[in-house]
Each structure stands twice: as C-alpha cells, then as structure tokens.
Amino acid sequence: MKRSIGDQTIELVQGDITLQNVDAIVNAANSSLAGGGGVDGAIHRRGGPSIMQETDEMHSQGCPTGEAVISGAGKLPARYVIHAVGPIWDGGRRGEAELLAGAYRNSLQLAVEHGCRSVAFPALSTGAYGYPMDLAARTALATTIEFLQAHGEPALVRFVLFSDGAYGAFAAALEEAFKTED
Ligand code: ADP
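For clarity, every value in this text was computed on a predicted model and none was experimentally measured.

Cut-off values and rules
Residues numbered from 1 in each chain as written. Predicted model: local features only at pLDDT ≥ 70, side-chain atom pairs only at ≥ 80, totals over all residues. Heavy atoms only, no water. Buried < 20%, exposed > 50% of the residue type's maximum accessible area, 1.4 Å probe, protein only. Helix = DSSP H or I, 4+ residues; strand = E, 2+ residues; numbered from the N terminus. Pairing = 2+ DSSP bridges. Polar contact = N/O pair within 3.5 Å; in protein donor to acceptor, adjacent residues only side chain to side chain. Contact = heavy atoms within 4.5 Å. Phe/Tyr/Trp six-rings, centres within 6.5 Å; stacked < 30°, edge-to-face > 60°.

Peer 1: Would you mind showing me how to read the pairing of strand S3 (residues 24-28) here?
Peer 2: Here is the key point about a regular strand: its side chains alternate between the two faces of the sheet. Counting buried positions along S3 yields 4 of 5 residues, so the element is predominantly enclosed. Looking at chain direction, S3 and strand S5 (residues 80-84) are connected through 5 bridges and run parallel. Bridge assignment links alanine 28 to a residue of S5, and that residue is alanine 84. Where S3 and strand S6 (residues 118-121) come together, 2 bridges link them in parallel fashion.

Peer 1: Can you help me understand unusual backbone geometry in this one?
Peer 2: For residues besides glycine, phi is generally negative; the peptide bonds are generally trans as well. In this structure, proline 154 follows glutamate 153 across a cis peptide bond, with omega equal to 0°. By secondary structure assignment, the location of proline 154 is in the loop between helix H4 (133-151) and strand S7 (156-161). Even without being a glycine, serine 125 presents a positive backbone phi close to 75°. As for its position among the elements, serine 125 is in the loop between S6 and H4. Exposure remark for serine 125: the relative accessible area of 8% places this residue in the buried category.

Peer 1: Explanation requested: the side chain of threonine 55 in the structure shown.
Peer 2: With respect to the helices and strands, the residue threonine 55 is situated in helix H2 (residues 50-58). Residue classification places threonine 55 among the buried positions, given a relative accessible area of 3%. A polar contact of 3.1 Å, which involves the side chain of threonine 55, links it to the backbone oxygen of methionine 52. With residues up to four places along the chain from it excluded, the contact list for threonine 55 reads Leu33, Ser60, Ser71 and His83.

Peer 1: Help me understand the packing of aromatic side chains in this model?
Peer 2: Think of a pair of aromatic rings as described by two things: how far the centres are apart, and how the planes are tilted against each other in angle. Inspection of the entire model under this criterion finds 5 aromatic pairs. Aromatic pair tyrosine 104 and phenylalanine 159: ring centres 6.1 Å apart, planes at 50°, arrangement tilted. You can see tyrosine 104 sitting in helix H3 (residues 96-113) and its partner phenylalanine 159 sitting in strand S7, a full 55 residues away along the chain. When its relative accessible area of 1% is taken as the criterion, tyrosine 104 is described as buried. Taking 5.7 Å as the distance between ring centres and 20° as the angle between the ring planes, the aromatic pair formed by phenylalanine 121 and phenylalanine 159 counts as stacked. Placement of the pair is phenylalanine 121 in strand S6 and phenylalanine 159 in strand S7, with a sequence separation of 38 residues. By way of ring pairs, the aromatic residues Tyr104, Phe121, Phe159 and Phe170 are connected into one cluster.

This is how it looks when you write it as structure tokens:
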C-alpha cells in the first residue's frame, strides 16, 4: 500500500527490515544501545560486528528515549542504521506518544542530514516494549506525514511490518490519516 504527499511516498510492506534496499534502516534500539532481541538482534546478526563497534565508539553513553543516533550498516544492503529508542508502554499516560513521535521525528531528521532519500522503519516499541499496535501505527504515520509536509524529504518512507496484524493496523491507520487530510 502506498500514499503520496507531493513527490514523496509513504509505503507499507510486510517483511524483514534487515533485507530492505534503502539508504537507511531504523533499528528498534534500547537506550544503552546494548543490543537485544527482535529487530535489534536481527540487524546485528545480519549486519555483523562493525555496527556495534561503531555505536560503542561513537555513542558509548547510549541514547535517551525518544531520540536516535546513526551508524554505518555493516554487511546490510542499507548505507546507514539509525538506532531509535522508543518508549516502553506503561499505560499511555507517561508521555509514551510524544516519546514515540520523537523517535520517528529524530530518525527522519538524521536521515535527511545524512542525505538519505529512502528510509525504512519497523513498528518501533510494538514488540518487547509492548506499545499497542494500533496506537503506535497512528503516531508513526501522523509524525511521518507531518515531517514530510514540513521538510519535503526524504522521498520515500517505508514501514516494514513483520506480521499480518501489524500490516493491517498500519494500513487502517494510513487510510484514516489520509481521510482526515482531505
Ligand atoms: P521494541 O523493543 O521497540 O518493542 P522489537 O524489536 O521487540 O522492538 O519489536 C518491534 C516490532 O518489530 C515488533 O512489531 C516486531 O514484531 C517487529 N519485528 C521483529 N523482527 C523484525 C524484523 N526482522 N523486521 C521487521 N520487523 C520486525
């Protein structure tokens, strides 16, 4: 599923983030950048040890929740990995939505600063961090649409959803977002 905003595209696909042939893929990192399961485990496994070496050297202090840092992508097809730290879901009244929006916004900002024309995101915070998928989808898409309208780049933002359920939630949220745009 695809939607356009001017010359820019938001695309939803079902698949594996590590296989995406885009300028930057986004990692669902934790604030110590220590590696983990889920997306993080898959990226470091497939990308090789240089990604962790680089984040250890450049970002030894880790990364606060709601923010992001960038590294090379080792053996992955992408040029960069953007390590974004989404919030742990805690009922929704502890600023989770704003922190999740920050993780997307700061990732997009880093991508643009590094000349990336295409960026692929997983559904940040929706695995081990427990963020409800439908709420996460709305925040992810609203933040992306707002960023694209404000900055006119990157040209392509692709959401790579792992499961049928995740794809369905993002598809419904994308349709809804464009309905309210009109
Ligand atoms: P978090 O700790 O931010 O919740 P996870 O990596 O546990 O991050 O999960 C984030 C989302 O990514 C979940 O919806 C999970 O199903 C999905 N996911 C797991 N592995 C992959 C992968 N290889 N590619 C894309 N999405 C993935």
